[in-house]
Amino acid sequence: MTIHSAVIQKLLSTNAHLGRRAAENHFKIYTYGARNGMTIIDSDKTLVCLRSACNFIGNLVRENGRFLFVNTNPLLDEIVEQTIKSIGCRNDNSWRLGGFMTNSLSPKKFRSRNKKLNLTSVYRPDCVVIFDTERKSSVILEASRLHIPIVGLVDPSMPLETYKKITYPVPANDSVQFVYLFCNMITKTIQFEQKKLIAAKGKVSKEEETKTK
């Protein structure tokens, strides 16, 4: 079995190919068709999109980019939090008020308006990763206004206006199993790039020591 086939089998085991509803016209480029009212998502295209998203994330890590992971689905909380800890990222995965990223220089104004707001992320992120795009349309709209790239899972029923704002869409069923796989790929991508950066810095330091001797 090839690596490609093994990854496809892994995707199928997470039910990533099972869309919950009939697909909108703009989503049909990612589908095989429909069965019993459910959209069948093309796993090959999901894999291509996953690779594109991870390549983009890897490039940002090399440029010391900041990430914001957004999730409001309680079933995914533990997975997302573990990802954040693994990559050593300061992050706010709570509900964000519309305009918060725009007005992040004066966060005190928002404390009385939303008690659940976590003010750990006061800097504008270079990328927003969204796991439940259907619930987070306001964050997608705001990130789009600020021209912040968005990596997000997309559902067959997602409206075209929302879909167009996602820079790196990943078509898949947002099952717990698939989100775990997705987060694992993000974690490994970031950790790999972080190790390369550390190794490169160590090499430069050794070269500088050699020159000074």
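First things first, this report covers the structure right here in the doc. Note that the coordinates shown come from a computational prediction; the quantities given were computed from them, not determined experimentally. (Residues numbered from 1 in each chain as written. Predicted model: local features only at pLDDT ≥ 70, side-chain atom pairs only at ≥ 80, totals over all residues. Heavy atoms only, no water.)

## Re the nonpolar core
- Of all hydrophobic cores here, the largest spans 30 residues; its most connected members are Phe-67, Phe-69, Phe-131, Phe-178 and Phe-182.
- Elements supplying a minimum of two residues to this core: helix H2 (43-62), strand S3 (67-70), helix H3 (77-87), strand S4 (127-130), strand S5 (150-154) and helix H6 (176-212).
- In contact with Phe-182, other than residues within four places in its own chain, are Leu-50, Phe-131, Val-151, Leu-153 and Val-170.
- Core analysis: the next-biggest nonpolar cluster, separate from the first, contains 19 residues, Leu-68, Ala-143, Leu-146 and Ile-150 among them. (Core = buried A, V, L, I, M, F, W, Y, C linked by side-chain atoms within 4.5 Å. Buried < 20%, exposed > 50% of the residue type's maximum accessible area, 1.4 Å probe, protein only. Helix = DSSP H or I, 4+ residues; strand = E, 2+ residues; numbered from the N terminus. Contact = heavy atoms within 4.5 Å.)

## Remarks on the pattern of salt bridges
- Under the defined criterion, the tally for this structure stands at 3 salt bridges.
- With a closest N to O distance of 3.3 Å, Lys-164 and Glu-161 form a salt bridge.
- Lys-196 is paired through a salt bridge with Glu-193; the nearest N and O atoms lie 3.8 Å apart. Within this pair, Lys-196 and its partner Glu-193 are both found in helix H6, separated by 3 residues, close to a single helical turn.
- A residue is classified by how much of its surface remains accessible, and Lys-196, at 41% relative accessible area, is partly exposed.
- Within this structure, Arg-62, Glu-193 and Lys-196 form a network of salt bridges that share partners. (Salt bridge = Lys/Arg side-chain N within 4 Å of Asp/Glu carboxyl O.)

## Quick word on the pairing of S3
- Residues of S3 alternate between two faces, with Phe-67 and Phe-69 on one and Leu-68 and Val-70 on the opposite face, all of them buried.
- Bridge count for S3 against S4 is 4 bridges, and the pairing is parallel. Of the residues in S4, the one forming a bridge with Phe-67 is Cys-127. (Pairing = 2+ DSSP bridges.)

## Quick notes on the side chain of Asn-73
- Here Asn-73 shows up in the loop between S3 and H3.
- Engagement of the side chain of Asn-73 in a polar contact is seen with the backbone nitrogen of Leu-75, the distance being 3.0 Å. (Polar contact = N/O pair within 3.5 Å; in protein donor to acceptor, adjacent residues only side chain to side chain.)

## Remarks on the sheet that holds S5
- A sheet is described by the order of its strands in space; here 4 strands give the open sequence S3-S4-S5-S6, paired in parallel fashion. Looking at which strands have only one partner, the edges of the open sheet turn out to be S3 and strand S6 (168-171). The mean angle between the axes of side-by-side strands here comes to 20°, regardless of whether they run parallel or antiparallel. (Axes fitted to C-alpha atoms, helices over the stretch in contact; angles between N-to-C directions.)

## Considerations on the pairing of strand S1 (residues 31-35)
- Sheet topology note: the S1/strand S2 (residues 38-41) ladder contains 4 bridges and is antiparallel. Opposite Arg-35, over in S2, you have Met-38 as the bridge partner.

This is a description of form; function is not addressed.
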